[in-house]
Amino acid sequence: MHCLDAAGQLAHVEYAMRAAVLLRAWGCGLVCVERAQREFQTRARGLLGRMYLSSINRRELYFKGLAGLAGGAAGWLPVELASHNQSLTDPVTPAVVIASYVSMALLSGMVGGLIVASEVQQLQITPETKRRFLRGFVICLVLAIPANYFANSIFASILAAGGWGLNKEGSAFFLVFGRVVSWTMMGAMLGAGVGLAMFAIPNIAKGAVGGLVGGFIGGVAFDLINYMTEGGLLSRLIGLCAIGLAIGLFIGLVQELTKIAWLTVEQGRLKGRQFRLEQQTATIGRAEEDPVGLFGDPAVQSRHAVIERRGPDYSIKNIAVAEGTYVNGRRIESVDLHDGDRINVGGYELVFHMRASAIATAMAYDRPSDTHVARRLTGRAPAVEGPRLEEADGESHPLHADRANRIGRALDNDIVVNHGSVSRHHASVEAQDGKFVIRDLNSQNGTFVQDQRVNESPLQDRESVRLGDAQFVFRA
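Remarks on the environment of Val 454
So, point 1. Mapped onto the fold, Val 454 is located in strand E19 (residues 452–454).
So, point 2. What makes Val 454 buried here is its relative accessible area of 15%.
So, point 3. In this structure, the C-alpha to C-alpha distance between Val 454 and Arg 439, residues 15 residues apart in sequence, is 7.8 Å.
So, point 4. Discounting chain neighbours no more than four positions away, the residues touching Val 454 are Asp 440, Thr 447 and Val 449.

Quick notes on the sheet that holds strand E6 (residues 313–318)
So, point 1. Spatial strand order, E4-E3-E5-E6-E9: 5 strands in an open sheet with mixed pairing. Both edges of this open sheet fall to strand E4 (292–293) and strand E9 (334–337), since each of them pairs with a single strand only.
So, point 2. In this structure, strand E3 (residues 281–285) lies alongside strand E5 (residues 305–310), joined through 4 bridges in antiparallel fashion. Each residue of the ladder has a partner; that of Thr 283, found in E5, is Val 306.

Side note on the confidence of the model for the chain
So, point 1. The pLDDT averaged across the chain works out to 81; a share of 82% of its residues lies at or above 70.
So, point 2. Within the model, the stretch residues 1–34 combines pLDDT values under 50 with 47 contacts to residues more than four positions away or in other chains.
So, point 3. Across residues 47–51, confidence stays below pLDDT 50; counting only partners more than four residues off in sequence or on other chains, it has 11 contacts.

Quick look at the sheet that holds strand E8 (residues 330–332)
So, point 1. Across the sheet, which stays open at both edges, the 6 strands sit in the order E2-E1-E11-E10-E7-E8 with antiparallel pairing between neighbours. Where the open sheet ends on each side, the last strands, each with one partner, are strand E2 (274–276) and E8. In this sheet, adjacent strand axes meet at a mean angle of 30 degrees when their direction is disregarded.
So, point 2. Alignment of strand E1 (residues 261–267) against E2, held across 3 bridges, turns out to be antiparallel. Residue Leu 263 lies in a different strand from E2, and its bridge partner there is Phe 275.

Notes on the nonpolar core
Here is a general trend for soluble globular proteins: nonpolar side chains tend to be buried in one another's company.
So, point 1. One finds Leu 107, Ile 115, Trp 183, Met 186, Val 194 and Leu 240 to be the most contacted residues of the largest nonpolar core, which totals 26 residues.
So, point 2. Of all the secondary structure elements, the ones that give two or more residues to this core are helix H3 (58–83), helix H4 (94–117), helix H5 (127–161), helix H6 (172–197) and helix H8 (233–258).
So, point 3. Sequence-distant contacts of Leu 240, defined by excluding residues within four places in its chain, comprise Gly 72, Trp 76, Val 79, Leu 107, Trp 183 and Phe 222.
So, point 4. Within the second largest apolar cluster, 25 residues are counted, among which are Ala 261, Leu 277, Val 300 and Val 345.

Quick word on helix H7 (residues 201–228)
So, point 1. Between its first and last C-alpha atoms H7 spans 41 Å; for 28 residues at 1.5 Å apiece the expected length is 40 Å, and the two agree.
So, point 2. Buried residues of H7: Asn 203, Lys 206, Gly 207, Gly 210, Gly 211, Gly 214, Gly 215, Gly 218, Gly 219, Phe 222, Asp 223 and Ile 225, and no others.
So, point 3. Looking at the buried side of H7, the elements it contacts are H6, H8 and E2.

Some thoughts on H4
So, point 1. Relative to the 34 Å expected for 24 residues at 1.5 Å per residue, H4 spans 34 Å between its end C-alpha atoms, a close match to the ideal helical length.
So, point 2. If you check which residues of H4 are buried, you get Ser 103, Met 104, Ala 105, Leu 107, Ser 108, Gly 109, Val 111, Gly 112, Gly 113, Ile 115, Val 116 and Ala 117.
So, point 3. For H4, the secondary structure elements touched by its buried residues are H3, H5, H6 and H8.

Thoughts on the side chain of Ser 182
So, point 1. The residue Ser 182 is located in helix H6 in this model.
So, point 2. The exposure class assigned to Ser 182 is buried, which follows from its relative accessible area of 10%.
So, point 3. Here the side chain of Ser 182 touches Arg 179 through a polar contact of 2.9 Å, landing on its backbone oxygen.
So, point 4. Among residues more than four places away in sequence, those in contact with Ser 182 are Ala 151 and Phe 155.

Section: a nonpolar patch on the surface
So, point 1. Where nonpolar side chains cluster on the molecular surface, the patch consists of Ile 98, Val 102 and Leu 106 and spans about 250 Å² of accessible area.
So, point 2. Topologically, Ile 98 is positioned in helix H4.

Focus: the side chain of Arg 466
So, point 1. Residue placement: Arg 466 occurs in strand E21 (residues 464–467).
So, point 2. Of the side chains bearing the opposite charge, Asp 451 lies closest to the buried Arg 466, which forms no salt bridge; the N-O distance is 4.0 Å.
So, point 3. Within the local environment of Arg 466, its side chain forms a polar contact with the backbone oxygen of Gly 468, the two atoms lying 2.8 Å apart.
So, point 4. Dropping the residues within four chain positions of it, Arg 466 is found in contact with Gly 446, Thr 447, Phe 448, Asp 451 and Gln 471.

With respect to the pattern of salt bridges
A side chain with one charge can pair with a side chain of the opposite charge if their charged atoms come near.
So, point 1. Evaluated as defined, the whole model comprises 20 salt bridges.
So, point 2. Here Arg 131 and Glu 128 are joined by a salt bridge, their closest N and O atoms 2.9 Å apart. Taken as a pair, Arg 131 and Glu 128 lie in helix H5 at a separation of 3 residues, close to a single helical turn.
So, point 3. Note that Glu 456 and Arg 439 form a salt bridge whose closest N and O atoms lie 3.1 Å from each other. Of this pair, Glu 456 sits in strand E20 (residues 456–458) while Arg 439 sits in strand E17 (residues 435–440), and the two are 17 residues apart along the sequence.
So, point 4. With relative accessibility at 22%, the residue Arg 439 sits in the partly exposed group.
So, point 5. Three or more residues are tied together by salt bridges with common partners; here these are Glu 60, Lys 64, Glu 119, Glu 256, Lys 259, Arg 276 and Glu 278.

Considering the environment of Gly 113
So, point 1. Inspection of the secondary structure puts Gly 113 in helix H4.
So, point 2. Residue classification places Gly 113 among the buried residues on the basis of a relative accessible area of 0%.

Conventions we followed
Residues numbered from 1 in each chain as written. Predicted model: local features only at pLDDT ≥ 70, side-chain atom pairs only at ≥ 80, totals over all residues. Heavy atoms only, no water. Helix = DSSP H or I, 4+ residues; strand = E, 2+ residues; numbered from the N terminus. Buried < 20%, exposed > 50% of the residue type's maximum accessible area, 1.4 Å probe, protein only. Contact = heavy atoms within 4.5 Å. Pairing = 2+ DSSP bridges. pLDDT = per-residue confidence, 0-100. Axes fitted to C-alpha atoms, helices over the stretch in contact; angles between N-to-C directions. Core = buried A, V, L, I, M, F, W, Y, C linked by side-chain atoms within 4.5 Å. Expected span 1.5 Å × (residues − 1). Polar contact = N/O pair within 3.5 Å; in protein donor to acceptor, adjacent residues only side chain to side chain. Patch = residues over 30% accessible without salt bridge, like charges linked within 9 Å, V, L, I, M, F, W, Y side chains within 5 Å. Areas by Shrake-Rupley, 256 points an atom, 1.4 Å probe, with all protein chains shown as cover. Salt bridge = Lys/Arg side-chain N within 4 Å of Asp/Glu carboxyl O. Lys, Arg positive; Asp, Glu negative; His and termini not counted.

Shown next as structure tokens:
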């Protein structure tokens, strides 16, 4: 199932089930609303689970897996030179210890550097690719030193427990077990180093988990390959390549399975490329340092637009001077993004995607407020007396003096405004010292009183109030 097909089905499920919630409420009251809402969430999660794997970027997995394999092959040479003809039962000299640390650091640096460089998902060696490789190489090389120390200490303890010692071989089971444990630790370190080199805090934990799984599988494969090829240079080469491949593959897999939002290039030079949105802000432009780098199009400026994350919401803001940014065919300055929105920057067209589970989470938090449910049960509310906000079509929304009246697009607001320019929780109106005061709730498109943008402002009778592009008049 393609992502866009999944998003469409999700939308139909959402609308149908929201309707079911209200129909049940008509006959059963608010208790049934809560029961129907829970039923909606359960059914929606079932659909979301089936769609979950359809969003995995296989291209990224190929690049990361091949990068890890190449890093294992490149790092095999120093490891082989350091350990050639060296047996576990031989006496350990300072020179052997130093050679072991240096060779493992070089191996880790090569694997980590190439995995970080593979983030650009292209085979050309560009200045950005070189910078990424160098950054990943240095970070993973440095982290490998303490990781190798702890891994060696644990490995030695396990060998000792298995009867291994100077000129004395012990249990083969303890040898395999110790090797798997030590490579699992090294894999977790490598993954954490890769995440750290990407300058995204969540990626450190994701990388560590992916590297841990990859190191475990690679460690198991090492001894299996060693047994099948009866030891020697070939077995060590294949074993280290397998470890690198597993680490790269599982780092990419964990990152893909845990991503929340991403962009897919539908038109342009980089068609088919995906960009994960993992940081609070991600600039879109032609500059190599942009997280969303769109190259080869002179109509794309160095820093063209920026995507920001605020809680569960994402928004895009145009920062281009000459060329504009378009969302769903409309030129924008700033607007909230929804799953499936099409973004045009120069000759590029990108589609914004949000993980289905993140949409489900947002739905779970959007429990309809009692005020909103009551209004839907009675249909269009008649004109009301007293403090209120009036829409252009005359519909009135009463304002309660004993509590804050929250306004926004989400269903848990007291006043629900179904308008694309309105944030999920946009503003609130509450009584203070005998007057009503409107307060902006960090909205993306702003709150305006008499066409003046405000953070907080008292309201006077007949003053115009605008939330994004949604117009109201305050009546005292």
